[in-house]
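Structural overview for review
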Amino acid sequence: MRAGVAPRPLVRARPLTRAAIVLGSGGLVLLGALIVGIGLGSVAIAPDDVLRVLGHRLLGIGASSSVSDALETIVIDLRLPRVLGAMVVGAGLACAGTVFQAILRNPMADPYIIGTAAGASLGATIGIVLPLLLPALAIGAGSAWLGLGVVQLLAFAGGMGTVLLVIVVARNGGRLPSVTLLLTGYAVSSLLAAGVALLMFASGRALAAIFAWLMGSLAAVGWIDLVVVTPVVAGVFVVLLARWRNLNLLLLGDGPAAHLGLDVGREKLRLTMLATLATSATVAISGTIGFVGLVVPHLLRLVVGPDHRLLLPASALFGATLLVMADLGARLAGGIPVGVVTAFVGAPFLLWLLRRSRRVSTSMAI
Amino acid sequence: MTPRRSSRVLLLGIVGLLASCAPGPSTSASFEPSTSPSAIPASTPSQSAAADYPLTVTDDAEREVTIPAEPERIVSLAPSNTEIVCALDACDRLVGVTDFDDYPAEVAEVDRVVTMAEVDVEAVVAAEPDLVLAAGNELTPSAVIEQLTDLGLVVLVLYPESLAEVTGDIELVGTALGQGEEAAALVDDMESRIAAVEAAVAGIERPRTFYEVSVFEGTIYTAGQGSFLASLIDTAGGMPVTGDALSTSIEIEELVAADPQLILLGDATYDPTITPESVAARPGWETMTAVADDRVEVVTEDVVITRPGPRIVDGLEALAGAIHPDAFAE
């Protein structure tokens, strides 16, 4: 963007104490959610045993002999990566949702809205079905045909590629009009969704695997997934946060933002690609988990206001907390889809906030 | 139960249904009682079984699985696997089963590690199994099989796609459990009963047989082409009416054109409102020969017909009896 014009924050900077309170309490709540998420599960493990395993394996304190190998496996290789995965995915989706709502100035915008979900779904579906149709593609006899990473890579590539395509189609000179972007995303999504449906029809024995992927789940998140995805989400978050002024400017609309010196078309392109990067990376390891990316930014906007300097980190913290708790609920309820829990928890909360907030009309007008 | 949850259960049930009826690889089309690739010769002596460990077997997913010692703690991720273990006198070694398990009665005491078709991996690990019997064809999701294997568990995938592969799997599990003799005796018994059915229906005219798995929102589910169910109907002396190769459903137009001479209502096992009268009242069905000839039959043995365990022979006999009542008159 052009230097020279230093846009002032649209919203008068709130006292630092308010930000500190919001982020500090958000961090504490997330920490609590992590502890509860690791402590509870479908198998009851005494808190002191959990602490003993964590202390031994992570910090090298104490002996492991007092805890059985099975419990150690459950805590270290099942719960810990799953809970951390929920945290990363939740934070990534909430950030991406915040950004898309700002770019598109549309309250219905979520991280999937311009084609990420449809593209990732088609990629994953191809990854699941293709080895069935062409057995030579099955990777490793041991891991059957759901070869390590193939589905994830294709889901990631599908999400990124679809958004690139949408942008190329929607671009009009240097501009990227929101309405065109939305409609193009909708059209491309519909096309890809038809492809997914066709593949599902022809998938035979892989149907259940496709179905499970589309529902979204954190059950299969392992350490490798975390090592790959966490830096991506963290990096995107830092870059987005550094662009908080531009995000705030975009809330004014393309015209006013341009008058204030923002290269609107280019900035929208950058932000869209950043948010899509985070979305595609998280979707690759979790499937399409709905609702978090839509509702968390709204919730936080009602609480902390539309200033992205505070809204982005608060959304990330709360998105992470919501998904950690929702995934715990899903696990405790016998493995129901996590998206169902996020909706059950998040929707009533949003309704309550909407009823309660007198600032709704202004703060929702993004 | 919330509407969403119940619809998911329904959906999962349908997906499971589809998966279980989906056409298998073309190689499975043969159902001669020849041994399947995974079958271990029944003559394997079990007396010296203790000395055989660690032993390496090949499962139905073509995975080489090494079993380090005689399994004492077994988790079964499918009712058919549970039935095989129990039929081999090893029911007391089960430490985890599914919430669909209903046979034999003593499995009611065993912990559930699969709920609503969802494998609870934590519960499986907590059961500390030395052998996990998974199901193929995504009935146990391959991601879960991978996860369990990565955690160091010994996982054997069973997915029989024909009668011969059921007996092959029984022998495979017998070998894995050190119950080879029990397996050989069970397989002998099953094979002689299969042979008896084959002999009884040999040379008799084979009616075009439509087996109704379920009807949901106007979609009619039946045996897929080349599926286990289709091969079972064939062995029982019927000509299976199936849909497209890709699908386990059949269009009503195709069904009318195929004109089944016999309609078997497997779904009547679970839904008493499905009767020959209700079927005759469905639009388009009255033109079928089976309806005109009054050969629409309620089948109450759907569980054993569609569950590829030791009781599959009961299912075969029930099918054969329904298709050829005269040949099995007494």
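Just so it is clear, the model here is predicted, and its values are computed rather than measured.

**A look at the nonpolar core**
Looking at soluble globular proteins, one finds that nonpolar side chains tend to be buried together. Judged by nonpolar contacts, the single largest core of 206 residues is most densely connected at Cys95 and Val99 of chain A together with Val132 of chain B. A total of 21 residues in this core trace back to one element, the largest contributor, which is helix α3 (residues 69–104) of chain A. Formed jointly, this core draws a minimum of three residues from each of two domains, domain 1 (36–197) and domain 2 (205–323) of chain B. Excluding residues that lie within four positions of it along the chain, valine 132 of chain B makes contacts with Val75, Leu77, Val124, Leu148, Leu153, Val154 and Val155 of chain B.

**Describing the domain arrangement of chain B**
Interface size is often expressed as the accessible area that is lost when the parts come together. Residue and element names in this part refer to chain B. When its domains are assigned, chain B resolves into domain 1 (36–197) and domain 2 (205–323). Of note, the centres of domain 1 and domain 2, computed from C-alpha atoms alone, are 29 Å apart. On the side of domain 2, 15 residues touch domain 1, which itself brings 16 residues to the contact. Only α3 (79–87), α6 (163–177) and α7 (180–201) provide two or more residues apiece to the side of domain 1 that touches domain 2. When its residues are assigned to classes, the side of domain 1 that touches domain 2 shows 11 nonpolar, two polar and three charged.

**Section: helix α8 (residues 223–242) of chain A**
The terminal C-alpha atoms of α8 of chain A, which comprises 20 residues, lie 29 Å apart, in line with the 28 Å expected from a rise of 1.5 Å per residue. Along α8 of chain A, the sharpest kink reaches roughly 30°, centred on valine 229 of chain A and followed within four residues by the proline proline 231 of chain A.

**Description of the sheet that holds strand β11 (residues 219–221) of chain B**
All names here are of chain B. Here we have three strands laid out as an open sheet, ordered β10-β11-β13, and antiparallel in their pairing. Each edge of the open sheet carries a strand with a single partner, namely β10 (214–216) and β13 (249–250). Sheet topology places β11 next to β13; two bridges connect them, and they run antiparallel. Residue pairing for β13: tyrosine 221 is matched across the bridge by serine 249.

**Side note on unusual backbone geometry**
Cis geometry marks the peptide bond from tyrosine 103 of chain B to proline 104 of chain B; its omega dihedral reads -10°. For phenylalanine 291 of chain A, which is not glycine, the phi dihedral falls at a positive 80°. Summarising the element assignment, phenylalanine 291 of chain A is placed in the loop between α11 (264–286) and α12 (292–304). One non-glycine residue with positive phi stands out, namely glutamate 62 of chain B, at about 60°. Summarising the element assignment, glutamate 62 of chain B is placed in the loop between β1 (55–58) and β2 (64–67).

**Focus on the sheet that holds strand β9 (residues 208–212) of chain B**
Residue and element names in this part refer to chain B. Overall, parallel pairing links the four strands, which are arranged β12-β9-β14-β15 in an open sheet. Sheet topology places β12 (239–240) and β15 (296–298) at the edges, where each strand pairs with a single neighbour. Pairing of β9 with β12, which is carried by two bridges, proceeds in the parallel orientation. Bridging across to β12, arginine 208 finds its partner in methionine 239.

**Description of the packing of α7 of chain B against helix α13 (residues 312–323) of chain B**
Residues and elements named next belong to chain B. Two elements in contact, α7 and α13, have axes whose closest approach is 10 Å; the angle formed by their N-to-C orientations is 15°. Comparing their axes, α13 and α7 come out roughly parallel. In the crossing of α7 with α13, the sense of the turn from one axis to the other is left-handed. Along its contact with α7, which presents Met190, Arg193, Ile194, Val197, Ala200 and Val201, the element α13 presents Val313, Leu316, Glu317 and Ala320.

Criteria and cut-off values
Residues numbered from 1 in each chain as written. Chains lettered and ligands numbered in written order. Predicted model: local features only at pLDDT ≥ 70, side-chain atom pairs only at ≥ 80, totals over all residues. Core = buried A, V, L, I, M, F, W, Y, C linked by C-beta atoms within 7 Å. Buried ≥ 20, exposed ≤ 12 C-beta atoms within 10 Å, placed from the backbone. Helix = DSSP H or I, 4+ residues; strand = E, 2+ residues; numbered from the N terminus. Domains from an automatic or database assignment. Contact = placed C-beta atoms within 7 Å. Nonpolar A, V, L, I, M, F, W, Y, C, P; charged D, E, K, R; others polar. Expected span 1.5 Å × (residues − 1). Bend = angle between axes of the 7 residues up to and from the residue. Pairing = 2+ DSSP bridges. Axes fitted to C-alpha atoms, helices over the stretch in contact; angles between N-to-C directions. Parallel < 35°, antiparallel > 145°, perpendicular 65-115°, else oblique. Left-handed = near helix turned anticlockwise from the far one by under 90°.

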